[in-house]
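Chains, contacts and geometry: an overview
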Amino acid sequence: MKTRFLGNSGLRVSTLSLGTMTFGGTEPAFAKMGNITGKEADRFVGRAIDAGINLFDTADAYSAGESERVLGEAIKPYRDRALIATKAFARMGDGPNNLGNSRHHLIKACEASLRRLGTDHIDLYQVHGQDLLTPVEETIAALDSLVTSGKVRYIGCSNHSGWFLMKSLAVADYRHTTRYVAQQIYYSLLAREAEHELIPLGLDQGVGVLVWSPLSGGLLSGKFRRERPDIDGSRTNELGPPGTIDRERLYAIVDVLDTIAAEHNANVAQIVLAWTMTRPGVTSVIIGARNEAQLEDNLRAAEIELSAEQIACLNEVSDQPQPYPYWHQRQYAGDRHPLIPAR
């Protein structure tokens, strides 16, 4: 499997990463996503390592820390060649300071994650959400102290607005402290809004992109069709779709995916993952699976090479109307705006 530098750092990560939201499954919402534990988790991690994956992503909020514990146990035999990414922000207790990106919460959350993971350091520590009530300076200083102490190697963010991410980078630069090398974002053929600000920002500022939910919660798995709009027992039906979905646009995208999948003797989900890996600024695409068959399916996407024509077809069918000023930039900036991803 290919590797890429993570943003403006010397760390190389695999183009596919393994997400472990399906590990643990102790709470009702997470149990609907998966309940992988014990020997099954061992096999998941071992197979991912064998396939060339070196980055494993989790969060303290996944099953109230159980995902971290299960991953920590499964990854022990491979710790010297595996990278662990985890996150903090979500509420992890009843107290008023048990959430957010304050110094108090981030340091406490990091130390708790280290214990659950059974490791002495976290390779990539990410703030899981945007906290508008904590000063950015406090968040950046807290993360820098974790790096300085050796508990964390690199830092990143997730689900930030473009302006807030840029503000965070500016504060780090002004104070000569550790800056984000990665942003974990929702991005897919069905959801390309990140191309407005977040991906061009990442390209300009050296912030790598880790993509979560590239299959849009299963909507791009190939199961959802015009003639079969709902699937009993699917995660999407159980938990709801990610964002507002234009169903006709979804089905048009799936039609093109069907054609390209047949040309590669592949399935729809594999083509979606392969397309995502071609996008400008994308460092790694996080895959998740509820069983070993799904994992094997997703891993094969790393072997698929889409042609320029196939990529262009997918870009065209998934294109969306642009709000101002993006339509103006797209129409008039031309080659003076090279960071606008090609469609």
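Not measured: the values here are computed from a predicted model.

A separate point is the overall build of the protein chain. Across its full length, the protein chain holds 13 helices and ten strands. Expressed as lengths along the three principal axes of its C-alpha atoms, the size of the protein chain is roughly 50 × 50 × 35 Å. Expressed as a percentage of the 343 residues in the protein chain, the buried residues total 52%. Sequence separation of 24 or more characterises 76% of the internal contacts of the protein chain that already satisfy a separation of 6 or more. Positive and negative side-chain charges of the protein chain, numbering 36 and 41 respectively, have mean locations separated by a distance of 3 Å.

A complete count under the given rule lists six aromatic pairs for this structure. Considering the side-chain rings of F30 and Y62, the 5.9 Å spacing of their centres and the 50 degrees angle between planes classify their relative orientation as tilted. Here F30, found in helix α1 (residues 28-31), pairs with Y62, found in the loop between β4 (55-57) and α3 (66-75); they are 32 residues apart in sequence, far enough to count as distant. Comparing F30 with Y62 shows no difference in burial state: the two are buried. When the centroid spacing of 4.9 Å and the interplanar angle of 25 degrees are considered together, the rings of Y186 and W212 count as stacked. Taken together, the positions of Y186 in strand β8 (residues 182-186) and W212 in strand β9 (residues 208-212) put the pair 26 residues apart, joining distant regions of the chain.

What follows is about the packing of helix α9 (residues 247-263) against helix α12 (residues 308-317). The contact between α9 and α12 brings their axes to 9 Å, and the two run at 170 degrees. As summarised for this structure, α9 and α12 are arranged roughly antiparallel, according to the angle between their axes. Across the interface between the two elements, A252, I253, V256, L257, I260 and E263 from α9 touch Q310, C313, L314 and V317 from α12. Taken together, the residues of the contact of α9 with α12 sort by class into eight nonpolar, one polar and one charged.

A word on the nonpolar core. Ranked by internal contacts, the top residues of the largest apolar core, which has 82 residues, are V45, F56, Y125, Y180, L220, L257 and L306. Tallying contributions element by element places helix α10 (residues 268-278) first for this core, with eight residues. Excluding residues within four positions of it along the chain, L220 makes contact with S188, L189, L190, P214, L215, L250, I253, L257, V268, A269 and V272. The next biggest cluster of nonpolar side chains, apart from the first, holds eleven residues, and it includes L6, A85, L124 and V181.

Next up on the list: the pairing of strand β7 (residues 152-158). Of all seven residues that make up β7, five are buried, and the element is covered over most of its length. When strand β6 (residues 122-127) meets β7, the two strands line up parallel, connected through five bridges. Considered in β7, the bridge of V127 is made with C157. Between the parallel pair β6 and β7, the chain is carried across by helix α5 (residues 136-148), and the sense of this crossover is right-handed. Sheet analysis places β7 next to β8, joined by three bridges and oriented parallel. Bridging from a neighbouring strand, G156 pairs with A182 of β8.

What follows concerns helix α11 (residues 292-299). By the burial criterion, the buried members of α11 are L295, N298 and L299. One side of α11 holds all its buried residues, which, seen down the axis, span an arc of 100 degrees. Turning to α11, the residues buried within the fold contact β3 (16-19), α2 (38-51), α10 and β10 (282-287). If you check the start of α11, you find a side-chain oxygen 3.2 Å away from the backbone N of A293, and it comes from N291.

Where nonpolar side chains cluster on the molecular surface, the patch consists of Y324, W327 and Y332 and spans about 410 Å² of accessible area. Structurally, the position occupied by W327 is in helix α13 (residues 326-332). On the basis of relative accessibility, which here comes to 37%, the residue W327 falls in the partly exposed class.

Let us look at the side chain of T276. With respect to the element layout, T276 can be found in helix α10. A distance of 2.8 Å separates a polar atom in the side chain of T276 from the backbone oxygen of V272. Leave out the neighbours within four places in its chain, and T276 touches Y187, V211, P214, V282 and V285.

Moving on to the pattern of salt bridges. Going through the model one piece at a time under the given rule, you end up with 13 salt bridges. Here E195 ties to R279 by a salt bridge, and the two come within 3.5 Å at their closest N and O atoms. In this pair, E195 sits in the loop between β8 and α7 (198-205) while R279 sits in the loop between α10 and β10, placing the two residues 84 residues apart along the sequence. By the burial criterion, E195 is buried, and R279 matches it. Here the residues in one salt-bridge network are R192, E195 and R279, joined through shared partners.

Parameters at a glance
- Residues numbered from 1 in each chain as written.
- Predicted model: local features only at pLDDT ≥ 70, side-chain atom pairs only at ≥ 80, totals over all residues.
- Heavy atoms only, no water.
- Helix = DSSP H or I, 4+ residues; strand = E, 2+ residues; numbered from the N terminus.
- Buried < 20%, exposed > 50% of the residue type's maximum accessible area, 1.4 Å probe, protein only.
- Contact = heavy atoms within 4.5 Å.
- Lys, Arg positive; Asp, Glu negative; His and termini not counted.
- Charge placed at Lys NZ, Arg CZ, Asp CG, Glu CD.
- Phe/Tyr/Trp six-rings, centres within 6.5 Å; stacked < 30°, edge-to-face > 60°.
- Axes fitted to C-alpha atoms, helices over the stretch in contact; angles between N-to-C directions.
- Parallel < 35°, antiparallel > 145°, perpendicular 65-115°, else oblique.
- Nonpolar A, V, L, I, M, F, W, Y, C, P; charged D, E, K, R; others polar.
- Core = buried A, V, L, I, M, F, W, Y, C linked by side-chain atoms within 4.5 Å.
- Pairing = 2+ DSSP bridges.
- Right-handed = clockwise from strand over helix to strand, strands pointing away.
- Arc of directions from axis to C-beta.
- Polar contact = N/O pair within 3.5 Å; in protein donor to acceptor, adjacent residues only side chain to side chain.
- Patch = residues over 30% accessible without salt bridge, like charges linked within 9 Å, V, L, I, M, F, W, Y side chains within 5 Å.
- Areas by Shrake-Rupley, 256 points an atom, 1.4 Å probe, with all protein chains shown as cover.
- Salt bridge = Lys/Arg side-chain N within 4 Å of Asp/Glu carboxyl O.

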